[in-house]
Every structure is written in structure tokens, then in C-alpha cells.
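# Topology and contacts: notes
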Amino acid sequence: MIEVHDLSFAYPNHPLVFQSFGWRVERGEHWAIIGPSGCGKTTLLYLLAGLRRPVAGRIVVDGQPLEKPRPTIGLILQDYGLLPWATALGNVELGLELRQMGGKVRRAVARRWLEDLGLASHGGHYPAQLSGGQRQRVAIARTLALDPHVLLMDEPFSSLDALTRESLQNLVVALSHDADLTTVLVTHNIEEAVFLGKRILVMGQPPIDKAYLLENPLARSLDYRGKEAFHRNCEEVRRRVGESGT
Amino acid sequence: MSKRSVLLAVVVLLVAWQALALALRSSVLPDPAVVLAAFAGGLRGPLGIHIIVSGWRLVAGMILAVGSAVPLGLILGQSRRLDSLIAPLIYITYPVPKIVLLPVMVMLLGIGDVSKVCLIALILFFQILVVVRDASHSVRPELLYSVRSLGASKWQILRFVYIPACLPATLTALRVGTGTAVAVLYLAESFATRSGLGFYIMDTWQVFDYPMMYSAVVAMSAIGFTIYVLLDQLEKRVCHWVQAGK
């Protein structure tokens, strides 16, 4: 469970991005955060990942104040965040190596994840030799190999073509279901937010003290994209984002 | 570059040398065959000793430069505050031709190996420092965020991110600096010393022993070439990803 209490945050010598912002994510929930550019979506994700510290207020994860990155919180970024100098296998092994897991065991774990994500034959390839979709799958494998409880995603599919994006969205649904993950997705893509977020947080212009919440209980079923409720909710989110951006 | 093309370049050089020697018909430029015979004979005599002395000075200077410039470059690259303090000093001292410090070095460090090794190290130090600092600066924040989110400590970030990020630039700087280092070694050894190829070139020149003088020139070139090739091979071996990305 993630609790955000009276959160205030500003970058040095910049105005506040969040001001006494409160939020609560229950275990197993699937959130999408959407809003206009520069509204603080990514900042919120970095705060939840423990990569940035609030200037006031606090974030509590599973009852413990969040002060630095946690092994139970995984982060997937838009530009993959893969080490260019490590192979796909080396990248998946990285988190396990950082946790001092022995070479043979971590290699076996990494190979299994690459296999599960359809990358068995790409283990020896460097990121520069992989397509965008393959790179993002390596990044997903690297994060999930650490067995996190919470998966934070910052516009993970925005640089991919439509078909690859849909297939990876479906993959995330399947993997997060299997692993019983809590997911928080930051995106600027309305359809993606409505497909992946059972609860959608629409953020306005900073400083943010509250955000609009849209319940979207039908999300994450593979046939949802073709249903009327999907399009209705897309329209609703589009309208809310439009209002919040002005 | 293939071995065949290097061999072809050597043949072209030898043919050009032979043609020039035939055209000049002067003892100042002996035939390559005469020089190579003197070279082979000299290896068992003083030439061999001077090669070892010069080679050691060059390698020691390079090791000292890498050992001092890389850690400092990594520190400056990660600390904007420290870099802003030190950068003006580097900016002023970097363009100063360090060779003019040769007499000062000899007065301070003596006429032995130390002054020559330190002069070579000083010249390479600035070249390596600047590229390592700039390579550290250019590490994308997203890469750092993603590795930090996996739970990496500062030392692990240094090991898995900064050092590999700086490796290609460091080896390239060393490779490019080899020519400068050999030129500096020649000047340093032609001044207040009785050992090394620089001294031997001047010594044989003064007694008109041109075949042996050219042997020393060939030896000095061979040392520079060997180090250049070794660094090139090392770069290919430890920086696979650079080739993979091309």
C-alpha cells in the first residue's frame, strides 16, 4: 500500500509542483496518471520510486516511510534505462547482481525471464542491436526479475509503434496479473491510460493539491478496447485533460 | 583496419624511403636495408637497452596519467559544484604547452626517469581528465534513475555506469595521446640524460652514425605504433558495445 500525505515538492529554484497533495494506492490496484505536459506526472513517479525526496509531507509504503529506492518497487522508463555496455542478459542480471545474487543463479533467473518475454535468442545482443519493443521487454524483464510488489511505469510505450505498444500493454496486463502487482502508469496517451488504469488520476496544472479521479473498473480485459465503455471513458478523460490543461 | 592493409602501408613506406634514398644518394638518408640491418644488430647492443628505457618511461607515464586523471575526471563529472570550482583552473592550464616545463621538471625531479615519466603523465593527464569528465557529464539522468531504482549504491553506480561510460573515451584519448607522448619523450630524452632513444638519436647524429640514428628513429616509431595498436585492440576487446552499435 502507498500513502502520500501532504506532499509538497519543488525542484531547486523552481515553483512548487505539488502542494499538500494526498493520495492512496491500495495493494493490487492498477492506476494510470495522465495530465498535460509538465504537470508533474513523472515527478510523482520518481517520488514514489524514492528517487526524489519531498520538501514537505511524506510517502509511506507498506507502513514504512519511503526515504530511498526500495527493492519492492520497480521502475520502467520511457527510454528503457538499459546499460548500453551490457547485453540483454547482462541488463536483466544487473538488479540481481546489485543484490549480490550468485553468478549461476542470477544467470538462470535472467535467462528464464528473457525466455518468458520471448527474448531467449537475444540474450547476447546489446541494446543498440534490439528494436524499441525488444528493449522495453528487456527493461520489463530486468524489473520483474527482482520480484517487486509495485511496478511504476513512466510512459513506457510512448516511443513504440501502435502494434508493438498494444502487444506490450497486453503483456503488462498478463504479467502484473500473474505476479499480483500493484501498477502505476504515467502516460500522455488517453487510450493507454483507459486500457491499463482501473483508476485514472487526471492531473491539472501545478502546483497540484488534488486531482480528478475516474473509476474505470472494466480496464485490463483484452476485449475492452472494442467496448463502448472504453470509448466513453476515453472521451471523459480527454475532456478532463483538456479542462485541466487550460 | 586489417593486417593486410597495415602490411601494405609498411611496404609503401619502405618503397618510398628506398626511392628517396636512391634519389638523394647521400649518407644522410641510408637505404632501408642498411638501417634494418643496423637495427637488428643494435638490438643486442645499446639500442636494445635504450628501447627498454624509453618503453618503460612511456608506459609508466601513461599509467600515471590514467591513474590520476580517471579518478579526478570521474569525481568532477559527478559533482557539478566541484567541477565549477576546478573548471577555470583546467581551462587556463589545459592549453599551456607542458613541454616548456621540462627544465623545471628536471630541476625539481632530477635528470633520472622521474622527470620524464612525470612530464609525459602531465601532458596525457589533461587530455584524459577532460574526456573522462565530459563523458561522466554526458551520462543520461534516466540511466542513473533506472539503475538507482534497482537499488544501486554510489559505488555500484560508479562501477556499472560511470566507469563503462568513460572507458571508450579514455582509451581513445590515450590512443590519440600516444603520438604526443612519444614526441615529448624524444624531447625529454634529448635533454640532460644519457639513456633512452631520444638521447641515442642525438648521440648517433653527433658522430654521423646515420644507420644507427635511423634505427633509433625506427625503434621510437615502433614503440609508439605498438602502444597504439595495443590500445586499439584493448578498446575493441573491452568496448564491444561500441562496435555492436555501428
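These numbers come from a predicted model, not from an experiment.

## What about the sheet that holds strand E2 (residues 16-25) of chain A?
Residues and elements named next belong to chain A. The four strands are arranged E2-E1-E4-E5 in an open sheet whose pairing can be described as antiparallel. The open sheet has two edge strands, E2 and strand E5 (64-65), and neither has a second partner. Judged from the two bridges that link them, strand E4 (residues 56-61) and E5 form a sheet pairing that is antiparallel. Looking at E5, one finds that Val 60 is bridged to Pro 65.

## Observations regarding the interface of chain B and chain A
Taken together, the contact between chain B and chain A spans 20 residues of the former and 26 residues of the latter. Taking both partners together, chain B and chain A bury about 2100 Å²; carbon and sulfur atoms supply 64% of that area. Looking at the side of chain B facing chain A, the largest losses of area belong to Tyr 145, Leu 150 and Phe 160 of chain B, adding up to 33% of the total buried there. Seen at the junction of chain B and chain A, the total is two salt bridges. The residue Arg 159 of chain B makes a salt bridge to Glu 97 of chain A at a minimum N-O spacing of 3.4 Å. Counting the contacts that link chain B with chain A gives nine residue pairs in polar contact (both at pLDDT 80 or more). For the side of chain B that touches chain A, the secondary structure elements donating two or more residues are helix H7 (141-149), helix H8 (154-189) and helix H11 (240-244) of chain B. With seven residues, H7 of chain B is the single largest residue contributor to the side of chain B that touches chain A. Here the side of chain B that touches chain A is composed, by residue class, of 11 nonpolar, five polar and four charged.

## Details of the packing of helix H5 (residues 102-109) of chain B against helix H6 (residues 113-137) of chain B
Residues and elements named next belong to chain B. The contact between H5 and H6 brings their axes to 9 Å, and the two run at 135 degrees. Viewed along their axes, H5 and H6 adopt a mutual orientation that is oblique. Relative to H6, the crossing made by H5 is right-handed. Contacts between H5 and H6 involve Leu 102, Met 105, Val 106 and Leu 109 on the former and, on the latter, Val 114, Ser 115, Cys 118, Leu 119 and Leu 122. Residues of the contact of H5 with H6, tallied by class, amount to eight nonpolar, one polar and no charged.

## Points about the domain arrangement of chain B
All names here are of chain B. As far as domains go, chain B holds domain 1 (1-29) and domain 2 (31-244). Computed over C-alpha atoms, the centres of domain 1 and domain 2 are 28 Å apart. Between domain 1 and domain 2, the contact holds nine residues from the first and eight residues from the second. Interface of domain 1 and domain 2: buried area, both sides summed, is about 760 Å²; carbon and sulfur atoms make up 68% of it. Taken as a group, Trp 17, Gln 18 and Val 28 account for 54% of the area that domain 1 buries against domain 2, more than any other trio of residues on that side. Inspection of the domain 1/domain 2 interface yields zero salt bridges. Along the contact surface separating domain 1 from domain 2 lie two residue pairs in polar contact (both at pLDDT 80 or more).

## Description of the sheet that holds strand E7 (residues 150-154) of chain A
All names here are of chain A. Read across the sheet, six strands follow the order E6-E7-E8-E3-E9-E10 without closing on themselves; strand pairing throughout is mixed. Edge strands, defined here as strands with exactly one partner in the open sheet, are strand E6 (73-76) and strand E10 (212-215). Ignoring which end each strand starts from, the neighbouring axes of this sheet average 15 degrees apart. Taken together, the four bridges between E6 and E7 define a ladder with parallel strand orientation. The residue of E7 that forms the bridge with Ile 76 is Met 153. Here helix H4 (residues 132-144) sits on the sheet in contact with E6 and E7, set at roughly 170 degrees to E6.

## Considerations on unusual backbone geometry
Omega for the bond connecting Pro 206 of chain A with Pro 207 of chain A falls within 30 degrees of zero, at 0 degrees, which places this linkage in the cis form. Along the chain, the position of Pro 207 of chain A falls in the loop between strand E9 (199-202) and E10.

## Brief notes about empty space enclosed by the protein
All names here are of chain A. Summed over all chains, the structure comprises three cavities of 30 Å³ or more. The space that makes up the largest cavity amounts to roughly 50 Å³. Lining the largest cavity we find Met 1, Ile 2, Val 25, Glu 26, Arg 27, Val 61, Asp 62, His 149, Val 150 and Thr 182. Each residue belonging to the lining of the largest cavity can be placed in one class, and the counts come to five nonpolar, two polar and three charged.

## Points about the packing of aromatic side chains
Residues and elements named next belong to chain A. Evaluated as defined, the whole model comprises 10 aromatic pairs over all chains. Each ring, one from Phe 9 and one from Tyr 11, has its centre 4.9 Å from the other, and the planes form 90 degrees; the classification is edge-to-face. Classification of Phe 9 as buried rests on a relative accessible area of 4%. The partly exposed category is assigned to Tyr 11, whose relative accessible area is 26%. Centre to centre, the rings of Trp 23 and Trp 31 are 5.0 Å apart; their planes meet at 85 degrees, and the pair counts as edge-to-face.

## Details of the nonpolar core
Residues Leu 83, Trp 113 and Ile 140 of chain A together with Val 161 of chain B are the most contacted members of the largest nonpolar core, which totals 122 residues. Counting residues per element, this core draws most heavily on H8 of chain B, at 15 residues. When residues of this core are assigned to domains, at least three map to each of domain 1 (1-29) and domain 2 (31-244) of chain B. In this structure, Val 161 of chain B is in contact with Leu 83 and Trp 85 of chain A together with Val 139, Leu 143, Leu 144, Val 147 and Gln 156 of chain B, ignoring residues within four places of it in sequence.

## A few points about helix H1 (residues 3-24) of chain B
When the terminal C-alpha atoms of H1 of chain B are compared, their 32 Å separation across 22 residues agrees well with the 32 Å that a helix rising 1.5 Å per residue should span. Positive backbone phi, approximately 50 degrees, marks Arg 25 of chain B, located one or two places after H1 of chain B.

## Considerations on the pattern of salt bridges
On inspection of all chains with the given rule, the structure shows 25 salt bridges over all chains. For Arg 106 of chain A, the salt bridge identified is with Glu 97 of chain A, shortest N-O distance 3.8 Å. Overall, Arg 106 of chain A belongs to the buried group, its relative accessible area being 12%. With a closest N to O distance of 2.9 Å, Glu 235 of chain A and Arg 238 of chain A form a salt bridge. Of this pair, Glu 235 of chain A and Arg 238 of chain A both sit in helix H7 (residues 228-245), separated by three residues, roughly a single helical turn. Take Glu 235 of chain A: its relative accessible area is 47%, and that puts it in the partly exposed class. A network of salt bridges, in which partner residues are shared, links Glu 93, Glu 97, Arg 106 and Arg 107 of chain A together with Arg 159 of chain B.

Criteria and cut-off values
Residues numbered from 1 in each chain as written. Chains lettered and ligands numbered in written order. Predicted model: local features only at pLDDT ≥ 70, side-chain atom pairs only at ≥ 80, totals over all residues. Heavy atoms only, no water. Pairing = 2+ DSSP bridges. Helix = DSSP H or I, 4+ residues; strand = E, 2+ residues; numbered from the N terminus. Contact = heavy atoms within 4.5 Å. Buried area = accessible area lost by both parts, 1.4 Å probe. Salt bridge = Lys/Arg side-chain N within 4 Å of Asp/Glu carboxyl O. Polar contact = N/O pair within 3.5 Å; in protein donor to acceptor, adjacent residues only side chain to side chain. Nonpolar A, V, L, I, M, F, W, Y, C, P; charged D, E, K, R; others polar. Axes fitted to C-alpha atoms, helices over the stretch in contact; angles between N-to-C directions. Parallel < 35°, antiparallel > 145°, perpendicular 65-115°, else oblique. Left-handed = near helix turned anticlockwise from the far one by under 90°. Domains from an automatic or database assignment. 1 Å grid on protein atoms, 1.4 Å probe; cavity = no way out; pocket = protein on both sides within 12 Å on 5 of 7 lines; lining within 4 Å. Points joined across faces, edges and corners; volume = space filled by probe spheres on them. Phe/Tyr/Trp six-rings, centres within 6.5 Å; stacked < 30°, edge-to-face > 60°. Buried < 20%, exposed > 50% of the residue type's maximum accessible area, 1.4 Å probe, protein only. Core = buried A, V, L, I, M, F, W, Y, C linked by side-chain atoms within 4.5 Å. Expected span 1.5 Å × (residues − 1).

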